[in-house]
Amino acid sequence: MTHRTVHPIAPRVLRELRTADDAGRPAAPLTDPEGGAPLRCCLRHSAPGERIALVSYAPLRRWAAGTGADPGAYDEQGPVYLHAGPCDGPADPPAPLPFTNSHRVLRRYSAEGHILGGRLVGGGPDAFEQALTETLDDPAVALVHVRAVEYGCFLYEVRRG
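Calculation criteria
Residues numbered from 1 in each chain as written. Predicted model: local features only at pLDDT ≥ 70, side-chain atom pairs only at ≥ 80, totals over all residues. Heavy atoms only, no water. Helix = DSSP H or I, 4+ residues; strand = E, 2+ residues; numbered from the N terminus. Contact = heavy atoms within 4.5 Å. Pairing = 2+ DSSP bridges. Axes fitted to C-alpha atoms, helices over the stretch in contact; angles between N-to-C directions. Expected span 1.5 Å × (residues − 1). Buried < 20%, exposed > 50% of the residue type's maximum accessible area, 1.4 Å probe, protein only.

Participant: Can you walk me through the environment of alanine 84 in this structure?
Facilitator: Within the secondary structure layout, alanine 84 lies in the loop between strand S6 (78-83) and strand S7 (104-109). The spatial distance from the C-alpha of alanine 84 to the C-alpha of alanine 53 is 5.1 Å, given a sequence separation of 31 residues. Apart from the residues lying within four places of it in its own chain, the contact partners of alanine 84 are Arg18, Pro29, Arg51, Ile52 and Ala53.

Participant: How should I be thinking about the sheet that holds strand S10 (residues 154-160) in this particular structure?
Facilitator: Adjacent strands of a sheet form backbone hydrogen bonds with each other and so pair up, either parallel or antiparallel. Read from one edge of the open sheet, five strands run S1-S10-S9-S7-S8, paired in antiparallel fashion. Pairing within the sheet leaves two strands with one partner each, and these edge strands are strand S1 (4-7) and strand S8 (115-121). When the angles between neighbouring strand axes are averaged without regard to direction, this sheet yields 25°. With four bridges connecting them, S1 and S10 associate as antiparallel partners. What sits directly across from valine 6, in S10, is valine 158.

Participant: Whenever I open this one, helix H3 (residues 125-136) confuses me. Can you help?
Facilitator: Along an α-helix, residues three or four apart share an orientation, since each turn contains 3.6 residues. Its twelve residues give H3 an end-to-end C-alpha distance of 16 Å, which sits within 8% of 16 Å, the value for a rise of 1.5 Å per residue. Elements in contact with the buried residues of H3: S1, S7, S8, strand S9 (143-148) and S10.

Participant: So what exactly am I meant to see when it comes to unusual backbone geometry here?
Facilitator: In most cases, non-glycine residues show a negative phi, while peptide bonds are predominantly trans. Phi is positive for leucine 43, close to 55°, though the residue is something other than glycine. On the basis of relative accessible area, leucine 43 is assigned to the buried category, the value being 11%. Within the chain, phenylalanine 99 stands out as a residue other than glycine whose phi angle is a positive 60°. Examined against the element boundaries, phenylalanine 99 turns out to sit in the loop between S6 and S7.

Here it is as structure tokens:
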């Protein structure tokens, strides 16, 4: 199995997004009445009554800025939920692969930031694990974005190592 690391949104980026998101809008915190929002800061679902914010996030743009890649037309931004205030991040030890309870898309990117394709995954954690391993076995893949099928929302990033 290819060793991989699941990456939530980094704490520094979370602080920035809580001030102004990647679309330039201020965060608008709200109290989650029902719970169940997939939080990208700690990779768990929100609980009823938690303070959360829905912000616009450009994950590939942020990754490219740190690596020197140029995603060009593949740069996109979309909605993500996060805690409205400071968060302790994922549990320690973290869940191995969060949010695998539904159909997902594994979107593959090259080191240049170009999309290499996507893969629809269903069937639960075992099918997800197998698809992710096969995806990361491709040496052309630098990173993988796990996305929700229904809305295309970014859930988290996976890299080798």
